[in-house]
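A look at the structure
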Amino acid sequence: MNRVLVTGSSKGIGAKIAEVLSSSGYQIFLHGRDENALKNLFEKIGVKGFFSIDLTEENAAQKLFDKATEVLGGVDILINNAGEYFYAKVEETPKETLDRLVTINTKVPYELISLATVGMKEKNFGRIINIGSISGAVGEANASLYSMTKSAFSGLTKALALELAQNNITVNTINPGYVKTALLDGTFDDDFSEKELLDMIPQNRFIEPVEIANLVKYLVSAEARGLTGQCINLCAGMSVGG
Ligand SMILES: NC(=O)c1ccc[n+]([C@@H]2O[C@H](COP(=O)([O-])OP(=O)(O)OC[C@H]3O[C@@H](n4cnc5c(N)ncnc54)[C@H](OP(=O)(O)O)[C@@H]3O)[C@@H](O)[C@H]2O)c1
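On a predicted model such as this, the values are computed, not experimentally measured, just so you know. (Residues numbered from 1 in each chain as written. Predicted model: local features only at pLDDT ≥ 70, side-chain atom pairs only at ≥ 80, totals over all residues. Heavy atoms only, no water.)

Here we come to the pairing of strand E2 (residues 27-32). Where burial is concerned, most of E2 is hidden: five out of the six residues are buried. Relative to E2, strand E1 (residues 3-6) is paired through four bridges, and the arrangement is parallel. Residue pairing across strands places Val6 opposite Leu30, the latter belonging to E2. Each parallel crossover has a hand, and the one from E1 via helix H1 (residues 12-23) to E2 is right-handed. One ladder, built from four bridges, connects E2 with strand E3 (residues 49-52); its direction is parallel. (Buried < 20%, exposed > 50% of the residue type's maximum accessible area, 1.4 Å probe, protein only. Helix = DSSP H or I, 4+ residues; strand = E, 2+ residues; numbered from the N terminus. Pairing = 2+ DSSP bridges. Right-handed = clockwise from strand over helix to strand, strands pointing away.)

Okay, structure coming up:
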């Protein structure tokens, strides 16, 4: 009951989740696009395997799930972490980007859940955790597409928690506030600085990847078996007002 697939674990939040779970005895399968980063992490933290695939590729979810199953023998715990951000006004968002973010942030996680629940039901055990975003919980101006894809986890999490409650499968979403990773660094420019962002956060600080990894560690544990259908805002106070 300790075989874990973490999507988007070549770097950032996903890599930290993989590292923390691996050091706690879980068997981890890594995923991303950057083959070198995956290989380095594979050697550094001693996980079971990795697979590099772009989630926009045809049948990416099935290919990734098949590889993870081949190496781990099954997936007891699915962490839907891979995601992309996009910042633009709604009328300036290209259709290709709409398709891209819906695929990576929403469609592939749904497909992976659909594939994973089959084995989880057979074992009468499962843990599904989605990494959403505070932008999906409270909205973010000029990031409506990203906010839309992340808020989709809210309905999905509640519906699936009910659907899978009798199968000892829990489903939860973590909505991080701002975390200092490559994804966030890509949003700063001359018009919007890191300091301006920090000033908007009640605790005036970024969330550390390890804070998210430790919450994941709790959610996958036996102690957390009653915690399901929840969207947890780990956001340094951002969800409760400015
Ligand atoms: N950073 C934040 O402030 C923040 C806040 C709230 C929520 N989140 C969410 O947290 C999750 C992780 O974000 P992060 O900050 O750790 O981002 P990151 O450092 O940019 O890492 C993103 C991970 O997802 C993978 N990925 C992205 N697009 C992919 C694609 N098309 N196909 C396959 N893999 C892909 C990347 O793989 P490669 O690098 O190997 O290509 C990488 O492993 C995302 O879902 C993000 O929306 C982040």
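Take the pattern of salt bridges next. Tallied over the full model, the rule gives 13 salt bridges. A salt bridge links Lys16 to Glu19; the shortest N-O distance between them is 3.4 Å. One end of the pair, Lys16, and the other, Glu19, are both in helix H1, three residues apart, so they sit about a helical turn from each other. Using a relative accessible area of 27% as the deciding quantity, one classes Glu19 as partly exposed. When the shortest N-O distance is used, the salt bridge between Asp199 and Lys195 registers 2.9 Å. (Salt bridge = Lys/Arg side-chain N within 4 Å of Asp/Glu carboxyl O.)

Bringing the sheet that holds E2 into the picture now. The strands that make up a sheet pair up through hydrogen bonds in the backbone, lying either parallel or antiparallel. The sheet built from seven strands is open, its strands ordered E3-E2-E1-E4-E5-E6-E7 with parallel pairing. Only two strands of the sheet have a single partner each, and these edge strands are E3 and strand E7 (231-234). Averaged over neighbouring strand pairs, the angle between their axes works out to 15° when direction is ignored. Packed onto the sheet, H1 meets E1, E2, strand E4 (77-80) and strand E5 (126-131) and runs at close to 170° relative to E2. Lying on the sheet, helix H6 (residues 144-163) is in contact with E5, strand E6 (169-176) and E7; it crosses E6 at an angle near 160°. (Axes fitted to C-alpha atoms, helices over the stretch in contact; angles between N-to-C directions. Contact = heavy atoms within 4.5 Å.)

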